[in-house]
Amino acid sequence: MSETTSDFSSFSLDDFAPIEEQVSSDAPAEADQGPNLGGAGIAVVDEDLAVRDYLAGQLGEGVAKVRSISEMESRIGMGPIVVVLGPSCTTPDDFGTVERWGRSNPEVGVVLVTSELSTQLLQTALRSGVRDVLAAPIDQMQLVDTVSRVGDSLNSAAAVQPPKPGSPSMVDGLEPLDGQPGKVISVFSTKGGSGKSVVATNLACALAKRSSKPVVLIDAHLQFGDVAVMLKLTPQHTVVDAVSQLEHLDPAMIDEFTTTHEETGLRVLPAPLEPTFADQITGEQMMKLVNIIKEYAGHIVIDMPAYFNDVVLTLIEGSDDVVLVAGLDIPNIKNVKIGLSTLSLLNIPREKLHLVLNRANSKVKLDVGEVEKTLQIQAAAHVPSDVVVPISVNRGSPVVLSAARSGVARELDKLASRFLDGAAASAASGSRRRFFG
Ligand SMILES: Nc1ncnc2c1ncn2[C@@H]1O[C@H](COP(=O)(O)OP(=O)(O)O)[C@@H](O)[C@H]1O
Ligand SMILES: [Mg+2]
């Protein structure tokens with residue numbers, strides 16, 4: 001549809017010469033000096049010249065403008081490059097090519113800019129290996145941030161080999177669960193710094209303390225995970241090791257790859273130490289890993305990054321429950337609304353969702369009731385803003401252990417109860433009932 005360009009209408013199409021005059025056949029070769037990407041180039045691809053110019057304009061100088069994905073092929077394999085696809089690049093063939101690039105060339109990172117975001121488009125794009133999908137109208141900061149993030153992750157990814165795992169040894173063995181496989185709980189938010197890792201580590205520790213079955217915490221913030229630091233662990237192995245051994249994973253290896261948090265018995269599978277390993281891991285691999293581990297663990301808690309990609313999408317879809325963390329400042333609520341609508345776009349049912357309002361008493365005071373009304377969802381926990389949180393983060397000891405009597409710990413314990421007592425979803429959020437071990 002030629003109308004796909006109408007969302008980029010902040011410029012006049014009259015200014016532009018016909019496509020042939022602007023795009024020379026060797027245009028892709030100019031992509032070598034992309035801004036702020038430490039060596040990775042940038043190319044924008046769209047059949048519409050105005051869209052190409054607009055996107056390139058947002059990204060600064062040295063951006064190659066290319067008419068079609070097939071024309072882009074000649075540039076692939078010549079060094080790291082971020083390819084920004086415009087709205088015209090959404091045919092099955094286009095996604096097929098993106099998927100092939102992903103398999104054969106780790107130095108290509110693809111971002112899709114679309115004028116209309118549908119469930120199917122989002123899923124198809126992420127599954128083909130597109131790193132991020134942005135919907136018009138495009139916020140320049142967001143576009144630049146996304147392209148920079150993808151670019152950063154490419155620069156040293158090419159030569160990286162996953163490390164060899166140590167030889168598995170028999171430790172205090174995990175055993176297959178008697179009944180049902182364990183519950184998978186992912187902790188998500190569409191904004192960084194909203195408290196996901198604080199919630200995930202505390203929730204996991206609270207569960208480990210109170211559950212009779214093993215609990216595993218997985219750090220799926222593959223680029224900058226901080227779960228290990230928050231729990232003061234010095235892990236020998238990471239998600240990368242586990243994923244590289246997917247075909248052979250048995251209880252002894254899971255024991256070997258996870259690091260045990262002594263105080264609670266929680267088993268932790270941390271993020272890779274080098275962010276460059278992150279891009280080698282697919283959503284499918286992560287889900288396979290989770291599915292293996294849940295045969296042995298009563299609960300798996302997954303700490304997520306604050307963006308959607310293939311890994312995040314697949315894990316959220318595969319989770320039994322999604323904890324959505326919202327900080328109570330205004331831009332954050334806007335973000336949560338976007339998060340909620342994206343999750344419903346992905347057909348994640350509301351029953352799976354548990355909203356945690358973080359810093360519920362903070363200075364930028366929003367009426368909690370108003371927020372719940374705006375978001376049309378009742379919060380599962382209102383975590384107050386409290387200095388015990390940064391103190392606990394610094395000490396590497398979760399609040400539920402180091403400040404167990406604080407309001408923060410009580411709310412996080414209440415959240416854990418949802419997943420322990422089964423009456424969870426139906427329990428009113430104001431309920432006083434709690435089940436302390
Ligand atoms: N309820 C709270 N009260 C005070 N500080 C908090 C609270 N929740 C989070 N923080 C602070 O915010 C920082 C970011 O939290 P974190 O869990 O790392 O966010 P995310 O994982 O979403 O990026 C933490 O270092 C912590 O000190
Ligand atoms: Mg985090």
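Since we're looking at a predicted model, the values are computed, not measured.

Each value, and the rule that gives it
Residues numbered from 1 in each chain as written. Chains lettered and ligands numbered in written order. Predicted model: local features only at pLDDT ≥ 70, side-chain atom pairs only at ≥ 80, totals over all residues. Helix = DSSP H or I, 4+ residues; strand = E, 2+ residues; numbered from the N terminus. Contact = placed C-beta atoms within 7 Å. Near = placed C-beta within 6 Å. Axes fitted to C-alpha atoms, helices over the stretch in contact; angles between N-to-C directions. Parallel < 35°, antiparallel > 145°, perpendicular 65-115°, else oblique. Nonpolar A, V, L, I, M, F, W, Y, C, P; charged D, E, K, R; others polar. Pairing = 2+ DSSP bridges. Buried ≥ 20, exposed ≤ 12 C-beta atoms within 10 Å, placed from the backbone. Right-handed = clockwise from strand over helix to strand, strands pointing away. pLDDT = per-residue confidence, 0-100.

### Observations concerning the overall build of the protein chain
Here's step 1: Secondary structure assignment for the protein chain yields 17 helices and 13 strands.
Here's step 2: Taking contacts inside the protein chain between residues at least 6 apart in sequence as the whole, the part at least 24 apart equals 77%.

### Notes on the site of ligand 1
Here's step 1: Around ligand 1, the surrounding shell holds 17 residues, and the nearest of these are Lys196, Ser197, Val198, Val389 and Pro390.
Here's step 2: Listed by contribution, the elements that provide at least two residues to the shell around ligand 1 are helix 7 (196-210) and helix 15 (388-395).

### Brief notes about the packing of helix 4 (residues 92-104) against helix 5 (residues 119-128)
Here's step 1: Contact pair helix 4 / helix 5: the axes reach a minimum separation of 8 Å and the direction vectors enclose 30°. One way to sum up the angle between helix 4 and helix 5 is to call them roughly parallel. Within the contact between the two elements, helix 4 uses Phe95, Val98 and Glu99 and helix 5 uses Thr124, Ala125 and Ser128.
Here's step 2: For the contact of helix 4 with helix 5, the residue count by class is 3 nonpolar, 2 polar and 1 charged.

### So, the sheet that holds strand 12 (residues 353-358)
Here's step 1: Read across the open sheet, the 8 strands follow the order 8-9-7-10-6-11-12-13; overall the sheet is mixed. A single partner strand is all that each edge strand has here, and the edge strands are strand 8 (259-261) and strand 13 (379-383). On average, each strand axis in the sheet is inclined to that of its neighbour by 25°, with strand direction left out of account.
Here's step 2: One ladder, built from 4 bridges, connects strand 6 (residues 183-188) with strand 11 (residues 321-327); its direction is parallel.

### Examining the pairing of strand 3 (residues 81-85)
Here's step 1: Burial analysis of strand 3 places 5 of its 5 residues in the buried class, the great majority of the element.
Here's step 2: Along strand 3, one buried face is formed by Ile81, Val83 and Leu85 and the opposite face, lined by Val82 and Val84, is buried too.
Here's step 3: Sheet topology note: the strand 3/strand 4 (residues 108-114) ladder contains 5 bridges and is parallel. Counted as the bridge partner of Ile81 is Val108 from strand 4.
Here's step 4: Remark: the strand 3/helix 4/strand 4 crossover connection has right-handed handedness.

### Focus: the confidence of the model for the protein chain
Here's step 1: Averaged over all residues, the pLDDT of the protein chain is 80; the fraction at 70 or higher stands at 82%.
Here's step 2: Mean pLDDT per element in the protein chain: helix 1 (residues 19-22) is the minimum at 31, and strand 10 (residues 299-303) is the maximum at 98.
Here's step 3: Within the model, the stretch residues 1-35 combines pLDDT values under 50 with 56 contacts to residues more than four positions away or in other chains.
Here's step 4: Confidence drops under pLDDT 50 across residues 156-171; counting only partners more than four residues distant or on other chains, this segment forms 31 contacts.

### A closer look at the environment of Ala403
Here's step 1: Its location among the elements puts Ala403 in the loop between helix 16 (399-402) and helix 17 (407-420).
Here's step 2: Ala403 sits 14 residues away from Val389 along the chain, and the two C-alpha atoms are 8.8 Å apart.

### Things to note about the sheet that holds strand 5 (residues 132-135)
Here's step 1: On the basis of which strands lie adjacent, the open sheet formed by 5 strands has the order 2-1-3-4-5 and parallel pairing. The outermost strands of the open sheet, each flanked by one partner alone, are strand 2 (64-66) and strand 5. Strand-to-strand twist across the sheet, computed as the mean angle between neighbouring axes with direction ignored, equals 20°.
Here's step 2: Where strand 1 (residues 41-45) lies against strand 2, 3 bridges are found, and the strand directions are parallel. Across the sheet, the residue bridging to Val44 is Lys65, located in strand 2.
Here's step 3: In the packing of helix 2 (residues 49-59) onto the sheet, contacts are made with strand 1, strand 2, strand 3 and strand 4, and the angle to strand 1 comes to roughly 155°.

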